[in-house]
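Structure at a glance
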Amino acid sequence: MIPELGHFALVLALCLALVQGTVPMFGAAWGIPGWMALARPAAWAQSLFILMAFVCLVTAFIQNDFSVSYVAQNSNSALPVMYRISAVWGAHEGSLLLWATILAVWMSAVALFSRSLPDETIARVLGVMGLVSVGFLLFMLLTSNPFERLMPAAMDGRDLNPLLQDPGLVVHPPMLYTGYVGFSVAFAFAIAALLGGRLDSAWARWSRPWTIVAWSFLTVGIALGSWWSYYELGWGGWWFWDPVENASFMPWLVGTALIHSLAVTEKRGAFRSWTVLLAVFAFSLSLLGTFLVRSGVLTSVHAFANDPKRGVFILAFLGAVVGSSLVLYAWRAPKVVGSGNFQLYSRESLLLVNNVLLVVAMASILTGTIYPLALDALNLGKISAGPPYFNIVFVPIMVPLVLLIGIGPATRWKQDSPWQVLRRLRFAVLVSILAGFAYPLLMGSYSLAVGAAMAIALWIWLTTLMDMRAKAAHKTSLWAGLRALPRSYYGMVLAHTGVGIFIVGVTLVTAYGVEEDVRMAVGDSHEVGGYSFRFDGVKEGEGPNYTASTGTLHVSKNGKEVTVLRPEKRVYWVQRMPMTEAAIHPGLLRDLYAALGERLPDGAWSVRIYYKPFVRWIWLGALFMAFGGVLAASDRRYRVMAKRASARAPAITGGGATSAPAR
Amino acid sequence: MTPQRKKRLALVALIVMGVGVSAALALSAFRENMLFFFSPSQILAGEAPTGHAIRIGGLVSKGSVQRQPGSLKVRFEVTDTVKSIPVVYSGILPDLFREGQGIVALGRLGNDGVFTADEVLAKHNEKYMPPEVKQAIATAQGGGTMRQHPGGRIE
């Protein structure tokens, strides 16, 4: 009964989405207030039914209803309840429902927090989101219904893939999807602005907080995925340039470009049409990400579902979204473009360079990810682009970008002199180069690359600090000045600091990390990174739904015991799949990592022992960025703006809207 | 041309140059780091280059896995059911590595015809066969209907 209820709720949601996607849009076009007013109630009702469907599927999983095909394929009665719930998004159908549910949440949030928006704008924004929802609901109902019954019902389920039975994977997809789907808000705002012909600062200010919050979620989602692959895949790597990772990284890069270009559009009125394009691309790449990961076109560790027919639908959907928005753009953008006036060297130009670099980086990743697929589809051979390709292309593009982090905020809008800026920052230039290149001297073996990377990280931190001091200098005291700086500024400071933290983490773990695969018999000791690992054998045991061989490694440094690592080799009962559970002793400055390989014929074990300095800084940096984003989105001016906008007459059309915000 | 236009032109030229450089960088990196896939039949037919990073794939031949006592060195054969080639690897094999299982290995082919693997991949699903391996087996059994493409690419 419950699955039918869920199915019915989806059908009703689709009907409501159709209403929401059409009536308010025509209302806005023809100026019929009653039709426009339908947007909010339709969004709420639709969200309610999608949520209901989601709850129905969760219930089916918790109750072990193996008469539902999707539950039978992805759950098992022996599965702990937490993983039964996360199994909802463990495969294709449920992931789509999660997508639609998160879209419903974003939609309700937009409907709720947009009281101040003109009726016309909100009608169009919710209308566009309704159309996106139509696409996903249709996709689900036509090709991948999670509520489909299985006749006869299965005795027990085929279990969730053991790789996914992990706390990290409980939260990773919802976070990532919240980011992906959040870009639909930026997209809807951009399309609404194009339709209304009002690409002005007000539009940028409305869509900015939404975009930044979506970006923050995406950042956390990617970091969680990286963290999960670090401890769960048992190789201790944090990024593999796997197509699935790239699929989430591409919208992130364009999203990063978008939040920067939105800043220019809001403050200076420039880059309007470019911002619109970025919003369209960020959302399209999010759709592409969903498509790549869940349609099974990729041959990677993540492609658990395999059904190319569904791929055709999403591809058509993607084509419709990109095609129609580009046509709309070509039709409307020439009318609304009015560029702000700025000189060759100005903050606008630097942000433009930032945008170009980010988009080029995205394009190079897109090439490496899609080109092999295209060749394969055309039967032109099987190739793949490995990590060397991505590292060689990506890193050189990122170097100027991160150097700009120091220069951009110190440069004035409209016009500045590069020599002046350099003079203002001379202290940072000197100290970061000296200290950065001196750092590897302390580490024994000298490496120029490490020196350069450390110099860049120091450069980011120092210039950020100096900029804070300079911006706070106009007040009576430094403290008063710092307190007067807006939250959005501190958001930027945090995010940029996070980039520096991330660079340090990546550099040091790559340069000074030690990875060794060794053969160990009971009682053997092995030294890695100054730590001594003593192997004390392996014991058999049982978990809730698996059998485990647990190894014991005593770790000591200079004769003092540091920790005991207990890496596991698990065999899950249902799928008979062996799994490696690494044991990690985490620390802010270093991780100790051990994983069991296999029992060798002579009774010894192969053991993987890693020493990973500063590896946590990689995810810490990402957290700084995400927190910075949230802080910036909570800036007072967005709330003040909300109140003021309600009293204001419709915004100016086209050029001239270069007025700076209140602060 | 007004000074304003001149400046804008300079900006555009700068960006075009930057994009051009990075595109050239990307393409050359792509050419050098592209990994081609070869089946054991193709390797024995002399189609694979030696000393270059390539990917190979097939089934691990039954009874072929030999370990060197006292170390992590392992030697096994990879077959497409018609031909097979020897592979050596040192390190920890993936969880799902076993005889009869489809694997993909990344490494270099030596002049002696032995493939030295840097990385061995087995998919995290026992029922799943890497598509390259599936096709290699189908082609090998189909009596060598492989076509040579311009540019040496093999299908």
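Remember, predicted model here, so these are calculated numbers, not experimental data.

**As for the overall build of chain B**
Scanning chain B for helices and strands turns up three helices and seven strands. Seen in sequence order, chain B has helices and strands lined up from the N terminus as α-β-α-β-β-β-β-β-β-α. Taken across its 155 residues, chain B has 43% of its residues classed as buried. Considering only residue pairs separated by 6 or more positions, chain B has 55% of its internal contacts joining residues 24 or more positions apart. Entry remark: accessible area of chain B is about 8200 Å², with carbon and sulfur atoms responsible for 56%.

**What to know about empty space enclosed by the protein**
Left-over empty space is what a probe sized like a water molecule reveals as it rolls over the atoms. Residue and element names in this part refer to chain A. In total, this model carries nine cavities of 30 Å³ or more according to the counting rule given. Computed from the structure, the second largest cavity encloses a volume of approximately 120 Å³. Sorting the residues of the lining of the second largest cavity by element identifies α7 (119-143), α8 (167-196) and α9 (201-232) as the ones contributing at least two each. Element by element, the count of residues in the lining of the second largest cavity is highest for α8, at four residues. Taken together, the residues that form the lining of the second largest cavity break down as five nonpolar, two polar and four charged.

**Some points on helix α10 (residues 243-268) of chain A**
A turn of α-helix holds 3.6 residues, and therefore any two residues three or four places apart point the same way. Residues and elements named next belong to chain A. Here α10 contains 26 residues, and its C-alpha end-to-end distance of 37 Å stays within 8% of the 38 Å for a straight helix at 1.5 Å per residue. Summarising burial for α10: 23 of the 26 residues are buried, a large majority. For α10, the capping residue at the N-terminal end is D242, with a side-chain oxygen 2.9 Å from the backbone nitrogen of V244.

**Focus: the packing of helix α6 (residues 92-112) of chain A against α9(A)**
To characterise two packed helices, one gives the angle between the axes of the helices and the distance between these axes. Residues and elements named next belong to chain A. In the contact formed by α6 and α9, the axes pass within 13 Å of each other and the chain directions differ by 155 degrees. In this view, α6 runs roughly antiparallel relative to α9, as classed from their interaxial angle. Once α6 is placed against α9, the crossing between them reads as right-handed. When α6 is examined against α9, the residues W106, A109 and V110 are found in contact with a partner set consisting of W210, V213, A214 and F217.

**Describing a nonpolar patch on the surface**
All names here are of chain A. Where nonpolar side chains cluster on the molecular surface, the patch consists of L588, L589, L620 and L623 and spans about 370 Å² of accessible area. Summarising the element assignment, L623 is placed in helix α20 (residues 616-633). Note on L623: relative accessible area 49%, which makes it partly exposed.

**Some remarks on the pattern of salt bridges**
Residue and element names in this part refer to chain A. Counted by the stated rule, this structure contains 19 salt bridges over all chains. Here R208 makes a salt bridge to E266, at a shortest N to O gap of 2.5 Å. Placement of R208 in helix α9 and of E266 in helix α10 is noted, with a sequence separation of 58 residues between them. Side by side, R208 and E266 carry an identical accessibility label, which is buried. Ionic pairing is found between D591 and R616, a salt bridge with its closest N-O pair at 2.7 Å. Pair noted here: D591 is in strand β10 (residues 590-599) and R616 is in helix α20, with a separation of 25 residues, a long-range link. For D591, a relative accessible area of 0% corresponds to the buried category. Take R616: its relative accessible area is 22%, and that puts it in the partly exposed class.

**Quick notes on unusual backbone geometry**
Negative phi values dominate among residues other than glycine, just as trans dominates among peptide bonds. Residue and element names in this part refer to chain A. M151 connects to P152 through a cis peptide bond whose omega is -10 degrees. Counting through the fold element by element, P152 comes out in the loop between α7 and α8. The phi dihedral of K414 is positive, around 75 degrees, even though this residue is not glycine. Among the structural elements, K414 can be located in the loop between α14 (387-407) and α15 (418-424). Using a relative accessible area of 43% as the deciding quantity, one classes K414 as partly exposed.

**Re the sheet that holds strand β9 (residues 583-585) of chain A**
Residues and elements named next belong to chain A. Reading across the sheet, the four strands line up as β2-β11-β10-β9 and stay open at both edges, with antiparallel pairing between neighbours. Strand pairing shows two members of the sheet lacking a second neighbour, β2 (514-520) and β9, which therefore form its edges. For this sheet the average axis-to-axis angle between neighbouring strands, irrespective of direction, equals 20 degrees. Bridging between β9 and β10 involves three bridges; their strand directions are antiparallel. Its bridge partner being in β10, I584 is matched across the sheet by Y593. Packing of α9 onto the sheet brings it into contact with β9, β10 and β11 (605-613), and relative to β10 it is tilted by some 50 degrees. Relative to β11, helix α19 (residues 487-512) is tilted by about 135 degrees, and along the sheet it contacts β2 and β11.

**What about the side chain of A:S69?**
Assignment of secondary structure puts A:S69 in helix α4 (residues 69-74). Using a relative accessible area of 16% as the deciding quantity, one classes A:S69 as buried.

**Focus on the confidence of the model for chain A**
Residue and element names in this part refer to chain A. Residue-level pLDDT values for chain A average 87, and 92% of them are 70 or greater. The model gives residues 299-306 a pLDDT under 50, and that stretch makes 27 contacts with residues more than four places away or in other chains. Every residue in residues 646-663 is under pLDDT 50, and counting partners more than four places away or in other chains gives 36 contacts.

**Points about the nonpolar core**
By size, the foremost hydrophobic cluster in this structure holds 217 residues, and its most contacted members are A:W99, A:M129, A:L137, A:L253, B:F76, B:I103 and B:F115. Per-element accounting of this core gives the leading share, 17 residues, to α8(A). Among residues more than four places away in sequence, those in contact with B:I103 are B:I56, B:G57, B:G58, B:V60, B:F76, B:V78, B:F97, B:V120, B:L121, B:A122 and B:V133. In this structure, A:V555, A:A583, A:I609 and A:Y611 belong to the second largest nonpolar core, which totals 17 residues.

**Comments concerning the environment of A:Q165**
Residues and elements named next belong to chain A. Relative to the assigned elements, Q165 resides in the loop between α7 and α8. Overall, Q165 belongs to the buried group, its relative accessible area being 4%. Among residues more than four places away in sequence, those in contact with Q165 are L79, Y83, D159, L160, N545 and Y572. For Q165, the side chain forms a polar contact with the main-chain oxygen of L160, separated by 3.0 Å.

**What about the packing of aromatic side chains?**
Residue and element names in this part refer to chain A. Applying the stated criterion across every chain yields a total of 29 aromatic pairs over all chains. Between the aromatic rings of Y546 and Y572, the centroid separation amounts to 5.1 Å while the plane-to-plane angle is 50 degrees, which identifies the pairing as tilted. Pair noted here: Y546 is in strand β5 (residues 546-557) and Y572 is in strand β7 (residues 568-572), with a separation of 26 residues, a long-range link. By relative accessible area, which is 12% here, Y546 ends up buried. Classification of Y572 by relative accessible area gives buried; the value is 1%. One residue, R347, lies across the ring of W413, its end atom 4.8 Å from the ring centre.

Definitions and limits used
- Residues numbered from 1 in each chain as written.
- Chains lettered and ligands numbered in written order.
- Predicted model: local features only at pLDDT ≥ 70, side-chain atom pairs only at ≥ 80, totals over all residues.
- Heavy atoms only, no water.
- Helix = DSSP H or I, 4+ residues; strand = E, 2+ residues; numbered from the N terminus.
- Buried < 20%, exposed > 50% of the residue type's maximum accessible area, 1.4 Å probe, protein only.
- Contact = heavy atoms within 4.5 Å.
- Areas by Shrake-Rupley, 256 points an atom, 1.4 Å probe, with all protein chains shown as cover.
- 1 Å grid on protein atoms, 1.4 Å probe; cavity = no way out; pocket = protein on both sides within 12 Å on 5 of 7 lines; lining within 4 Å.
- Points joined across faces, edges and corners; volume = space filled by probe spheres on them.
- Nonpolar A, V, L, I, M, F, W, Y, C, P; charged D, E, K, R; others polar.
- Expected span 1.5 Å × (residues − 1).
- Polar contact = N/O pair within 3.5 Å; in protein donor to acceptor, adjacent residues only side chain to side chain.
- Axes fitted to C-alpha atoms, helices over the stretch in contact; angles between N-to-C directions.
- Parallel < 35°, antiparallel > 145°, perpendicular 65-115°, else oblique.
- Left-handed = near helix turned anticlockwise from the far one by under 90°.
- Patch = residues over 30% accessible without salt bridge, like charges linked within 9 Å, V, L, I, M, F, W, Y side chains within 5 Å.
- Salt bridge = Lys/Arg side-chain N within 4 Å of Asp/Glu carboxyl O.
- Pairing = 2+ DSSP bridges.
- pLDDT = per-residue confidence, 0-100.
- Core = buried A, V, L, I, M, F, W, Y, C linked by side-chain atoms within 4.5 Å.
- Phe/Tyr/Trp six-rings, centres within 6.5 Å; stacked < 30°, edge-to-face > 60°.
- Lys NZ or Arg CZ within 6 Å of the ring centre and 35° of its normal.

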